[in-house]
Amino acid sequence: GPDYLDPQILERGSKAPVVQLDLWMAGEEWCKQQIYRAVTEGKGDFGLPFSEGKADFVLVEGAMGLYDGDDCSADLAAKFGIPVALVIDVRAMAQTAAAIAVGLRNYRD
């Protein structure tokens with residue numbers, strides 16, 4: 001569902017409007033249009049400018065966990081060919097960090 005805090009934080013950090021991509025609430029076609037508009041026009045929903053001109057890249061922050069919920073962040077990444085950068089707090093870990101990363105990578109294989 002919609003997140004009200006992260007978009008505000010991300011907008012402040014990026015100095016650009018943030019559009020939420022939610023496959024379950026908005027659908028695949030709407031999400032596809034928002035990504036396309038960001039890349040080709042530098043705009044998101046409601047015509048709000050992301051920057052001066054086209055986006056150099058689009059950063060998608062996943063909510064909760066990679067595989068949590070229906071139409072999760074992993075589904076969004078797979079549908080649109082978005083690479084996944086995994087961030088794990090590995091303090092006090094050694095081989096366990098690798099096991100978690102490999103497990104997430106191969107979860108649906």
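Parameters at a glance
Residues numbered from 1 in each chain as written. Predicted model: local features only at pLDDT ≥ 70, side-chain atom pairs only at ≥ 80, totals over all residues. Heavy atoms only, no water. Helix = DSSP H or I, 4+ residues; strand = E, 2+ residues; numbered from the N terminus. Buried < 20%, exposed > 50% of the residue type's maximum accessible area, 1.4 Å probe, protein only. Contact = heavy atoms within 4.5 Å. Phe/Tyr/Trp six-rings, centres within 6.5 Å; stacked < 30°, edge-to-face > 60°. Lys, Arg positive; Asp, Glu negative; His and termini not counted. Salt bridge = Lys/Arg side-chain N within 4 Å of Asp/Glu carboxyl O. Polar contact = N/O pair within 3.5 Å; in protein donor to acceptor, adjacent residues only side chain to side chain. Patch = residues over 30% accessible without salt bridge, like charges linked within 9 Å, V, L, I, M, F, W, Y side chains within 5 Å. Areas by Shrake-Rupley, 256 points an atom, 1.4 Å probe, with all protein chains shown as cover. Axes fitted to C-alpha atoms, helices over the stretch in contact; angles between N-to-C directions. Parallel < 35°, antiparallel > 145°, perpendicular 65-115°, else oblique. Left-handed = near helix turned anticlockwise from the far one by under 90°. Nonpolar A, V, L, I, M, F, W, Y, C, P; charged D, E, K, R; others polar.

Colleague: How should I be thinking about the overall build of the protein chain in this particular structure?
Modeller: Helices and strands together make up the secondary structure of the protein chain, namely 5 helices and 0 strands. Listing the helices and strands of the protein chain from first to last along the sequence gives α-α-α-α-α. Relative to its 109 residues, the protein chain shows a buried fraction of 17%. Long-range contacts, defined here as pairs at least 24 residues apart, represent 32% of the contacts in the protein chain between residues at least 6 apart.

Colleague: So what exactly am I meant to see when it comes to the packing of aromatic side chains here?
Modeller: Each aromatic ring pair is described using two quantities: the centre-to-centre distance and the angle formed by the ring planes. Under the definition given, this model contains 1 aromatic pair. Ring plane angle 40 degrees and centroid distance 4.5 Å describe the contact between Y67 and Y107, whose orientation is recorded as tilted. With a gap of 40 residues between them, Y67 in the loop between α3 (28-40) and α4 (73-80) and Y107 in the segment after α5 (95-106) connect regions that are remote in the sequence. On the accessibility criterion, Y107 (56% relative accessible area) is exposed.

Colleague: It is not clear to me how α4 should be interpreted in this structure. Could you clarify?
Modeller: Note on helix geometry: an α-helix contains 3.6 residues per turn, so any two residues three or four positions apart are oriented the same way. Among the residues of α4, those classed as buried are S73, A74, D75, L76 and A77. Buried-residue contacts for α4 involve α2 (23-26) and α3.

Colleague: Could you clarify how one ought to interpret the side chain of D22 in this entry?
Modeller: Position of D22 among the secondary structure elements: in the loop between α1 (6-14) and α2. Comment: no salt bridge for buried D22; closest opposite-charge side chain is K79, at 12 Å. In this structure the side chain of D22 is engaged in a polar contact, spanning 3.0 Å, whose partner is the backbone nitrogen of W24.

Colleague: Can you help me understand a nonpolar patch on the surface in this one?
Modeller: Together, V39, V58 and V60 line one region of the surface with nonpolar side chains, adding up to about 190 Å² of accessible area. Turning to its location among the elements, V58 is positioned in the loop between α3 and α4. Accessibility expressed as a relative area gives 36% for V58, which makes it partly exposed.

Colleague: What's the story with the pattern of salt bridges in this structure? I'm lost.
Modeller: Should the charged atoms of two oppositely charged side chains come close, the side chains can pair. One pass over the structure, following the stated rule, counts 4 salt bridges. For R108, the salt bridge is made with D75, and the minimal N-O distance between the two is 2.6 Å. Of this pair, R108 sits in the segment after α5 while D75 sits in helix α4; the two residues are 33 residues apart in sequence, bridging distant segments of the chain. Given a relative accessible area of 47%, R108 falls into the partly exposed group. For the salt bridge of R105 with D109, the shortest nitrogen-to-oxygen distance reads 3.8 Å. Both residues of the pair, R105 and D109, count as exposed.

Colleague: Can you help me understand the packing of α3 against α4 in this one?
Modeller: Any two packed helices are characterised by the angle at which their axes cross and by the distance between the axes. The geometry of α3 relative to α4 is characterised by a closest axis approach of 11 Å and an angle of 65 degrees between their N-to-C directions. Judged by the angle between their axes, α3 and α4 are roughly perpendicular. The crossing of α3 and α4 is right-handed. Facing α3, whose interface residues are E28, C31, K32 and I35, α4 presents L76, K79 and F80. Across the contact of α3 with α4, the residue classes tally to 4 nonpolar, no polar and 3 charged.

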